[in-house]
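Reading the structure
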Amino acid sequence: QVQLVESGGGLVQAGGSLRLSCAASGIFFSLNRMGWYRQAPGKQRELVADITSGGSTNYVDSVRGRFTISRDNGQNTVYLQMNSLKPEDTAVYYCKGTIVSLTTRDYWGRGTQVTVSS
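Residues numbered from 1 in each chain as written. Predicted model: local features only at pLDDT ≥ 70, side-chain atom pairs only at ≥ 80, totals over all residues. Heavy atoms only, no water.

Looking now at the nonpolar core. In terms of nonpolar packing, the biggest core is built from 30 residues, with Trp36, Leu80, Met82 and Tyr93 touching the most fellow members. When residues of this core are traced back to their parent elements, those giving at least two are β3 (18-25), β4 (30-39), β5 (46-51), β7 (67-72), β8 (77-82), β9 (91-100) and β11 (112-117). (Core = buried A, V, L, I, M, F, W, Y, C linked by side-chain atoms within 4.5 Å. Buried < 20%, exposed > 50% of the residue type's maximum accessible area, 1.4 Å probe, protein only. Helix = DSSP H or I, 4+ residues; strand = E, 2+ residues; numbered from the N terminus.)

Before going further, it helps to spend a moment on the packing of aromatic side chains. Going through the model one piece at a time under the given rule, you end up with two aromatic pairs. Plain terms: the ring middles of Tyr94 and Trp108 are 6.5 Å apart, the flat faces sit at 80 degrees to each other, and that makes the pair edge-to-face. Pair noted here: Tyr94 is in strand β9 and Trp108 is in strand β10 (residues 104-108), with a separation of 14 residues, a long-range link. An aromatic cluster of at least three residues, connected via ring pairs, comprises Tyr37, Tyr94 and Trp108. (Phe/Tyr/Trp six-rings, centres within 6.5 Å; stacked < 30°, edge-to-face > 60°.)

A few words on the sheet that holds β8. Taken in spatial order, the four strands make up an open sheet running β1-β3-β8-β7, and their pairing is antiparallel. Since the sheet does not close on itself, it has two edges, and those belong to β1 (3-7) and β7, each with one partner. Across the sheet, the mean angle from the axis of one strand to that of its neighbour is 15 degrees, orientation sign disregarded. Here six bridges tie β7 to β8, and the two strands are oriented antiparallel to one another. Across the sheet, residue Phe67 finds its bridge partner in β8, namely Met82. (Pairing = 2+ DSSP bridges. Axes fitted to C-alpha atoms, helices over the stretch in contact; angles between N-to-C directions.)

Now for the pattern of salt bridges. Scanning the entire structure with this criterion turns up six salt bridges. Asp50 is paired through a salt bridge with Arg33; the nearest N and O atoms lie 3.4 Å apart. Here Asp50 is found in strand β5, whereas its partner Arg33 is found in strand β4, with 17 residues between them in sequence. Put simply, Arg66 and Asp89 hold a salt bridge, and the shortest N to O gap is 2.8 Å. Highlighted residues: Arg66 in the loop between β6 (57-59) and β7 and Asp89 in the loop between β8 and β9, separated in sequence by 23 residues. For the pair formed by Arg66 and Asp89, the shared burial category is buried. Through salt bridges with shared partners, a single ionic network connects Arg38, Glu46, Arg66 and Asp89. (Salt bridge = Lys/Arg side-chain N within 4 Å of Asp/Glu carboxyl O.)

From the geometry alone we can't say anything about function, so treat these as descriptive.
Here you go:
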């Protein structure tokens, strides 16, 4: 069974940094596009950043220049380095991956809470 498990969330002061990790486990052939999404209370889930298997990246405007998405294909892990955090970055952060196994489909992690205090 394929799973995505996030880690690295927590409470940080404004201006601080956190690094999120998302590890894929189970039996699969490859990870295609991987992404980080977030959902704040009362708001819709939004894409924060994603990265292709070749390393091309995409960011939402509100985090560009502050967040960096990267991946380690050998470790089947994707990271989100978050710097200069702001209170408006507070949300549950979810990892999503397009994973090739017997079928190709999207998987979601359960999420990790990021809270930025002012």
